[in-house]
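Chain by chain, the residues run as shown.
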Amino acid sequence: MTEKVAILGLGTMGTGMATNLLKAGFPLTVYNRTAAKAEALVSAGARLASTPAEAAKGASVIIAMLADDAASRALWLGNDGVLEAANPGTILIESSTVSPAWIAELAGLAAQHGVEFLDAPVTGSRTQAAAAQLSFLVGGSDRALEAARPVLEAMSKEIVHLGPVGSGAKMKLINNFLCGVQVASLAEGLAWIERSGLDRDKALAILKAGAPGSPLLGAISARMVDHSYAVNFLLTLMAKDLLYAQTEAAHCNVDLTTAEVARSLFEAAIAKGFGEADMASVIEPLRNK
């Protein structure tokens, strides 16, 4: 591969994504605010940039995978930001879970700078990122997507083009809203099971095999049972995603009342010190109540 790629943000998802780009043979530049997180990638052949602007220089595709609107804005528009440094014709891809309002603003600024823009958040967590099994939810032009497709294919099992810019961000918030509510309800249900005198393993087997069952329920219930909270999906980010989802749904005159309740459970867990743990730890304040 000769197409030069930059990926900015090497957290839970970004490291696995970058690793798969290297495996696919793309010349890769990486940037992370904490440079130590890039050491393994540099050893594998990536170039480490000291600023977002440096990472952008010479890249034909630039991907961001960050925590929230504020981090995204600082990366693209801040001092030594990407947007000013990107060459005309470069394809910018925002894969962070951010608000559609910020995506619309960023897309407008990208157009003014003569660069292509896609919003392409992903479904999946750490395991899927490492295994190149992410699903990209894409908003943007056919032209930009086709140009970026080989890069996205190196990190994914599927690429779903949902429509114009902003479509990916909207779909991702709907997805995470439903996930967050399910995880919160599972936490309450499992805490109830544990206090009820029921055999926990038998009760969970019934739930996983029955109508409530889902891949998410199976994976999260296992982490809750084992008290295993190594981060697959950061708890504080789920609280953020639920807030973004509520804000966006309100623009469509939809009140996400279940999101409000679920978010209160995640915020209670943050208050108890679980914000930097996996979202499965949302059960712990309920266990200790």
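Every value quoted in this text rests on a predicted model; they were computed, and no experiment measured them. In this numbering scheme, every chain counts its residues from 1 along its sequence in written order. In keeping with the model being predicted, local features are shown solely for residues with a pLDDT of at least 70 and side-chain atom pairs are shown and tallied solely at 80 or more, while totals for entire chains, interfaces and linings include all residues. With hydrogens and water stripped out, all remaining heavy atoms of the structure feed into the side-chain values.

### Considerations on the overall build of the chain
Labels follow the DSSP assignment, with helices taken as runs of H or I lasting at least four residues and strands as runs of E lasting at least two, numbered in each case from the N terminus. The helix and strand tally for the chain stands at 14 helices and 9 strands. Two things to know: the radius of gyration comes from C-alpha atoms, and the globule rule equals 2.2 Å times the number of residues to the power 0.38. The C-alpha atoms of the chain give 20 Å as radius of gyration, which agrees with the globular expectation for 289 residues (19 Å, within 12%). With respect to the principal axes defined by its C-alpha atoms, the chain has extents near 65 × 45 × 30 Å. Burial analysis of the chain (289 residues in total) assigns 51% to the buried set. Restricting to contacts in the chain with at least 6 residues of sequence separation, those with at least 24 account for 65%. When charges are counted, neither His nor the chain ends are considered; positive counts come from Lys and Arg and negative counts from Asp and Glu. Here the site of a charge means atom NZ of a Lys, CZ of an Arg, CG of an Asp or CD of a Glu. Positive and negative charge centroids in the chain, built from 23 and 28 side chains respectively, lie 5 Å apart. Residue exposure (1.4 Å probe, protein chains only): buried if accessible area is under 20% of the type maximum, exposed if over 50%, otherwise partly exposed. The contact criterion used is simple: two residues touch if any of their non-hydrogen atoms lie within 4.5 Å.

### Things to note about helix 8 (residues 142-153)
One full turn of an α-helix is made of 3.6 residues, so residues set three or four places apart face in the same direction. What a helix should span is 1.5 Å times the count of its residues minus one. Here helix 8 is 12 residues long and its end C-alpha atoms lie 15 Å apart, about the 16 Å a rise of 1.5 Å per residue gives. Buried residues of helix 8: A144, L145, A148, V151 and L152, and no others. An end-on view of helix 8 places all buried positions within 110 degrees of arc, on one side of the element. Turned more than 90 degrees off the buried face of helix 8, the exposed positions are D142 and R143. What the arc describes is the spread of directions from the helix axis to the C-beta atoms.

### Points about the pairing of strand 8 (residues 134-139)
For strand 8, the tally of buried residues reaches 6 of 6 residues, placing the bulk of the element in the interior. Residue alternation in strand 8 divides its side chains into two sets, L134, F136 and V138 and S135, L137 and G139, and both sets are buried. Pairing between strand 7 (residues 122-123) and strand 8: 2 bridges, direction antiparallel. Paired with V122 across the strands is F136, a residue of strand 8. Sheet analysis places strand 8 next to strand 9 (residues 156-163), joined by 6 bridges and oriented parallel. From the neighbouring strand, F136 faces strand 9, where its bridge partner is I159. Each parallel crossover has a hand, and for strand 8 linked through helix 8 to strand 9 it is right-handed. Two strands form a pair only when DSSP identifies at least two bridges running between them. With its strands directed away from the observer, a crossover is right-handed exactly when the path from the first strand over the helix to the second travels clockwise.

### What to know about the layout of surface pockets
For each structure, a 1 Å grid was placed over the protein atoms alone; sets of points admitting a 1.4 Å probe that cannot get out are labelled cavities, open sets with protein on both sides within 12 Å along at least five of seven lines are labelled pockets, and lining residues have an atom within 4 Å of a point. Grid points are joined across faces, edges and corners, and a volume is the space filled by probe spheres set on the points. Its volume calculated, the largest pocket comes out at about 990 Å³. Contributing to the lining of the largest pocket are 41 residues, with G11, T12, M65, L66 and A67 lying nearest its centre. When residues of the lining of the largest pocket are traced back to their parent elements, those giving at least two are helix 1 (14-23), helix 4 (69-77), helix 7 (126-130), helix 9 (167-196) and helix 12 (235-251). Partitioned by chemical class, the residues of the lining of the largest pocket number 18 nonpolar, 16 polar and 7 charged. Size it by volume and the second largest pocket reaches roughly 430 Å³. Forming the walls of the second largest pocket are 18 residues, and the residues nearest its centre are G124, S125, C179, L216 and M279. Contributing elements (two or more residues each) for the lining of the second largest pocket: strand 7, helix 9 and helix 11 (215-226). The element best represented in the lining of the second largest pocket is helix 11, accounting for 5 residues. Under the scheme applied, nonpolar residues are Ala, Val, Leu, Ile, Met, Phe, Trp, Tyr, Cys and Pro; charged residues are Asp, Glu, Lys and Arg; polar residues are all the others, including Gly. Its residues assigned to classes, the lining of the second largest pocket comprises 9 nonpolar, 7 polar and 2 charged.

Nothing here speaks to function; it is geometry throughout.
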